[in-house]
Amino acid sequence: MAALKYAGLEDTDSEEELPPGWEERTTKDGWVYYANHLEEKTQWEHPKSGRRKRVAGGLPYGWEQETDENGQVYFVDHINKRTTYLDPRLAFTVEDNPVKPTTRQKYDGNSTAMEILQGRDLSGKVVIITGANSGIGFETAKSLALHGAYVILACRNMSRGNDAVQRILVEWHKAKVEAMTLDLASLQSVQHFAEAFKSKNVPLHILICNAAVFGAPWCLTEDDLESTFQVNHLGHFYLVQLLEDVLRQSSPARVVMVSSESHRFTEIKDSSGKLDFSLLSPSKKEYWAMLAYNRSKLCNILFSNELNRRLSPHGVTSNSVHPGNMIYSSIHRNWWVYTLLFTLARPFTKSM
């Protein structure tokens, strides 16, 4: 109650009074959540009433919202020259009690990365994200960095990578982010990236293999492999192998493979049920962009499953994730037909 008095927001409703050890906070988007300092956990529901709330309206005149070095939102009252972690709009909250999700589906299509990470302090964690200058990779990098993690954006285009770093720093100038060159279409580039990262002598707690190409025309990489297969799968496969020792030394650690539901619509076996290597890196005559993408995503999942089997006993887990059907990002840019399809579907899909 002292914090409420300090912010000029005294509360006399006993049902809304928090038990000892609890604190009321707000997210950057204005949703109210509750921190239990005794058990070190957070929750959306009020510990007494079970209600969910969100703040209404903008900040009062003279107030400004900031984020501290741990990613926690705080508020500055420029008129009275004071700061507080208590949102001054808490005096004007409205109740919000959506249908509680099932245990299986804790989050849905309306969830944001910031919402999922709310209440977490990732200070001291080191993260590598491939293809992090745009789309899913950028939003992931930004959210992890704003929660205190040291995030390395592994990008093919350093100009775009540095632009992405600056966009994150604009949101929080103390964010620990940097861009490093990684071209998955070159196994030599993958090797150079791994060596450059190891030279930093830092741990690696999270490796997110996100970069991908979609709908790309047939071409061979400098390693004489079909580009979709190498960029989406083989480059990441090699990267994980090169960084496996660092992941083990940093345990508990994890690898996340960004795959796709489209992995179901393909096959990599021949008529006798054996793996057909010619399907993985097909000739130009046998190439179809959509099938090549689907096969690479299937390889992601198979690799992730086997990686988890081998490394989980050593404290390194691996998971593959489907980001959502036709999520609206720039992945469709290789062909105007895919761009048109994604544009028409945009009102019905989740955007960045």
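Above this note sits the structure.
Predicted, not measured: the structure shown is a model, and the values here were computed from it.

1. Overview of the pairing of strand S12 (residues 206-209)
- Neither face of S12 is exposed, since Ile206 and Ile208 on one face and Leu207 and Cys209 on the opposite face are all buried.
- Pairing geometry for strand S9 (residues 126-130) and S12, over 3 bridges, is parallel. By the bridge assignment, valine 127 is partnered in S12 with isoleucine 206.
- Bridging between S12 and strand S13 (residues 253-258) involves 4 bridges; their strand directions are parallel. For leucine 207, the partnering residue across the bridge sits in S13 and is valine 255.
- With helix H6 (residues 227-249) bridging S12 and the parallel S13, this β-α-β connection has right-handed handedness.

2. Quick word on the nonpolar core
- One finds Ile128, Phe193, Phe197, Leu204, Leu207, Leu243 and Val255 to be the most contacted residues of the largest nonpolar core, which totals 30 residues.
- Of all the secondary-structure elements, those providing two or more residues to this core are S9, strand S10 (150-155), helix H5 (187-198), S12, H6, S13 and helix H8 (289-311).
- It is H6 that provides the largest number of residues to this core, a total of 6 residues.
- Beyond its immediate chain neighbours, meaning those up to four positions away, phenylalanine 193 contacts Ile128, Ile152, Ala154, Met180, Thr181, Leu182 and Leu239.
- Residues Val127, Val151, Ala179 and Val256 belong to the second largest nonpolar core, which totals 25 residues.

3. Comments concerning the sheet that holds strand S1 (residues 22-26)
- Spatially, the 3 strands line up as an open sheet ordered S1-S2-S3, and their pairing is antiparallel. Of all the strands in the sheet, the pair left with one neighbour each is S1 and strand S3 (41-43). Strand-to-strand, the axes of this sheet are offset by a mean angle of 30 degrees, without reference to chain direction.
- Here S1 runs beside strand S2 (residues 32-36); their pairing, made up of 5 bridges, is antiparallel. Considered in S2, the bridge of glutamate 23 is made with alanine 35.

4. What to know about the sheet that holds strand S14 (residues 316-321)
- Read from one edge to the other, the open sheet built from 6 strands follows the order S11-S10-S9-S12-S13-S14, with strand pairing classed as parallel. Strands at the two margins of the open sheet, each flanked by one partner only, are strand S11 (176-181) and S14. With direction set aside, neighbouring strand axes in the sheet form an average angle of 15 degrees.
- Pairing geometry for S13 and S14, over 6 bridges, is parallel. Its bridge partner lying in S14, valine 256 is registered against asparagine 319.
- Packed onto the sheet, H6 meets S9, S12, S13 and S14 and runs at close to 175 degrees relative to S12.

What counts and what doesn't
Residues numbered from 1 in each chain as written. Predicted model: local features only at pLDDT ≥ 70, side-chain atom pairs only at ≥ 80, totals over all residues. Heavy atoms only, no water. Buried < 20%, exposed > 50% of the residue type's maximum accessible area, 1.4 Å probe, protein only. Helix = DSSP H or I, 4+ residues; strand = E, 2+ residues; numbered from the N terminus. Pairing = 2+ DSSP bridges. Right-handed = clockwise from strand over helix to strand, strands pointing away. Core = buried A, V, L, I, M, F, W, Y, C linked by side-chain atoms within 4.5 Å. Contact = heavy atoms within 4.5 Å. Axes fitted to C-alpha atoms, helices over the stretch in contact; angles between N-to-C directions.

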